[in-house]
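Chain by chain, the residues run as shown.
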Amino acid sequence: MKIAVIGAGAMGTLYGGKLAMAGNDVTMIDVVPAVLEAIQQNGILLEDEAGEHVIPVQAKRAEEMTEKVDLAILFAKTLYSRSALETAKTFIGEDTYMLTLQNGLGNVELIGEFVASDKILVGVTNYASDVKGPGKISSHGSGYVKIMSADGQMHDMVKTVCQMLVDAGFNAEITEDVFKAIWEKVGFNAALNGTTAVCHVPCGGIGMVEEGRSLAIHIAEETAAVANAHGVALKAEDIIHSVENSYVAHKDHFTSIAQDVQRKRKTEASFINGGIVKKAKEKGIEVPYTEAVFDLLRIIEETYEMQK
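Reference entry: report on the structure contained in this document. (Residues numbered from 1 in each chain as written. Predicted model: local features only at pLDDT ≥ 70, side-chain atom pairs only at ≥ 80, totals over all residues. Heavy atoms only, no water.)

1. Side note on the environment of K185
Phase 1 of the analysis: Note on placement: K185 falls in helix 6 (residues 178–199).
Phase 2 of the analysis: In this structure, the C-alpha to C-alpha distance between K185 and T125, residues 60 residues apart in sequence, is 8.1 Å.
Phase 3 of the analysis: Contact partners of K185, with chain neighbours within four places excluded, come to N103, V124, T125 and N126.
Phase 4 of the analysis: Of note is the side chain of K185, whose polar atom sits 3.3 Å from the side chain of N103. (Helix = DSSP H or I, 4+ residues; strand = E, 2+ residues; numbered from the N terminus. Contact = heavy atoms within 4.5 Å. Polar contact = N/O pair within 3.5 Å; in protein donor to acceptor, adjacent residues only side chain to side chain.)

This is the structure we're talking about:
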């Protein structure tokens, strides 16, 4: 299958590398010259439980792609999705499917402005991946991938993509109630990514402190309440279980938002904690813990130049 992975960050590089290693024709799409040059010259360098892998992969800017692909996987940060989709028109045709495994809320609606609804696949993943340099990542621990078509229909491509991910070594499954899984992941990220970023600690750091565990629980409960108000049958306990598991399974892992804050980069907080706050306001629900963490993240993000 001819695949374009849009966004050669931690997760895009992990998925692009493993899919290429499984025999798929993968091209990494990015805008950072150092990343494109490193992948073109050295391939993707992946370190995991099986050892170190050097995976030959093409890397290009979107405008350099002229041939349409069978599948595009959107791994650009949500705040850059619109610009990424605008440039992706060069390789997305009428028969191209697009899969989003991005964090946050509102991804399907945005992609729907560029791709027909029956060509959109949506899902969630919780694999950990850390960038060690341009085109170089480290990924340890287990994870999952849950996907489904955005329109709820069991298209053949859903089955094909799921099997392709399994063949690449991912724990992938088709989940008909995928939007419940998406809300659960949003709650997980709000409770863990947001707090680790504010506190400058890895996942295990939140679990070490009673106040950290309590804060994560409150955010999980608020997320479930908002999801329920929007017709999604989500239980806070499911979010809390995932968060508590990460205190141990990924205790030394710095979440994506925490890594962004460390590097003084724009974060996806507006689509995660901020996304929950927005959805809560639509239903007149108060989410003080989620909103407080979001406000702190916004302050941090807008004052990078003032920080030491």
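2. Some remarks on the nonpolar core
Phase 1 of the analysis: Residues I6, L74, F91, M98 and V243 are the most contacted members of the largest nonpolar core, which totals 64 residues.
Phase 2 of the analysis: In terms of residue count, the dominant contributor to this core is helix 6 (10 residues).
Phase 3 of the analysis: Excluding residues that lie within four positions of it along the chain, L74 makes contacts with I6, S81, A84, L85, M98, L99, T100, L101, Q102 and I111.
Phase 4 of the analysis: The next biggest cluster of nonpolar side chains, apart from the first, holds 37 residues, and it includes Y15, L36, L121 and F170. (Core = buried A, V, L, I, M, F, W, Y, C linked by side-chain atoms within 4.5 Å. Buried < 20%, exposed > 50% of the residue type's maximum accessible area, 1.4 Å probe, protein only.)

3. Considerations on helix 5 (residues 156–167)
Phase 1 of the analysis: In this model helix 5 runs 17 Å from its N-terminal to its C-terminal C-alpha over 12 residues, within 8% of the 16 Å that 1.5 Å per residue would give.
Phase 2 of the analysis: G169 lies just past helix 5 and shows a positive phi near 100 degrees. (Expected span 1.5 Å × (residues − 1).)

4. Considering unusual backbone geometry
Phase 1 of the analysis: Notably, H200 is not glycine yet its phi reads approximately 60 degrees, a positive angle.
Phase 2 of the analysis: Locating H200 in the fold gives a position in the loop between helix 6 and helix 7 (203–208).
Phase 3 of the analysis: The exposure class assigned to H200 is partly exposed, which follows from its relative accessible area of 48%.
Phase 4 of the analysis: The residue K264 is not glycine, and still its phi comes out positive at about 55 degrees.
Phase 5 of the analysis: Looking at where K264 falls in the secondary structure, it is placed in the loop between helix 10 (256–262) and helix 11 (273–282).
Phase 6 of the analysis: The exposure class assigned to K264 is partly exposed, which follows from its relative accessible area of 38%.

5. Description of the sheet that holds strand 10 (residues 136–138)
Phase 1 of the analysis: Spatial ordering of the open sheet is given by 4-3-10-9, a layout of 4 strands whose pairing is mixed. On the outer flanks of this sheet lie strand 4 (51–55) and strand 9 (130–133), each paired with one strand and no other. Looking at each pair of strands side by side, their axes are set apart by 25 degrees on average, direction ignored.
Phase 2 of the analysis: Where strand 9 meets strand 10, 3 bridges bridge the pair, whose relative direction is antiparallel. Counterpart to G133 in the pairing with strand 10 is K136.
Phase 3 of the analysis: Together, strand 3 (44–48), strand 4, strand 9 and strand 10 form the strand contacts of helix 1 (residues 10–21), whose direction differs from that of strand 3 by roughly 95 degrees. (Pairing = 2+ DSSP bridges. Axes fitted to C-alpha atoms, helices over the stretch in contact; angles between N-to-C directions.)

6. Examining the environment of N193
Phase 1 of the analysis: Within the secondary structure, N193 is located in helix 6.
Phase 2 of the analysis: Judged by its relative accessible area of 4%, N193 falls in the buried class.
Phase 3 of the analysis: In this structure, N193 is in contact with F188, T255, S256, I257 and A258, ignoring residues within four places of it in sequence.

7. Quick notes on the sheet that holds strand 6 (residues 71–74)
Phase 1 of the analysis: In spatial order, the strands read 5-2-1-6-7-8-11-12; together these 8 strands make up an open sheet with mixed pairing. Of all strands in the sheet, those with a lone pairing partner are strand 5 (58–60) and strand 12 (172–174), marking the two edges. Here the average twist between neighbouring strands, direction ignored, is 25 degrees.
Phase 2 of the analysis: Both strand 1 (residues 2–6) and strand 6 contribute to a ladder of 4 bridges, which runs parallel.

8. Here we look at the pattern of salt bridges
Phase 1 of the analysis: Applying the stated criterion to the full structure yields 13 salt bridges.
Phase 2 of the analysis: Residues D260 and R265 are paired through a salt bridge, measuring 2.7 Å at the closest nitrogen-oxygen approach.
Phase 3 of the analysis: D260 sits in the buried class, given a relative accessible area of 2%.
Phase 4 of the analysis: A salt bridge links K279 to E282; the shortest N-O distance between them is 4.0 Å. Placement of both K279 and E282 in helix 11 is noted, with a separation of 3 residues, approximately one turn of the helix.
Phase 5 of the analysis: On the basis of relative accessible area, E282 is assigned to the partly exposed category, the value being 46%.
Phase 6 of the analysis: Bridged by salt links that share partners, the residues K266, R298, E301 and E302 form one connected network. (Salt bridge = Lys/Arg side-chain N within 4 Å of Asp/Glu carboxyl O.)

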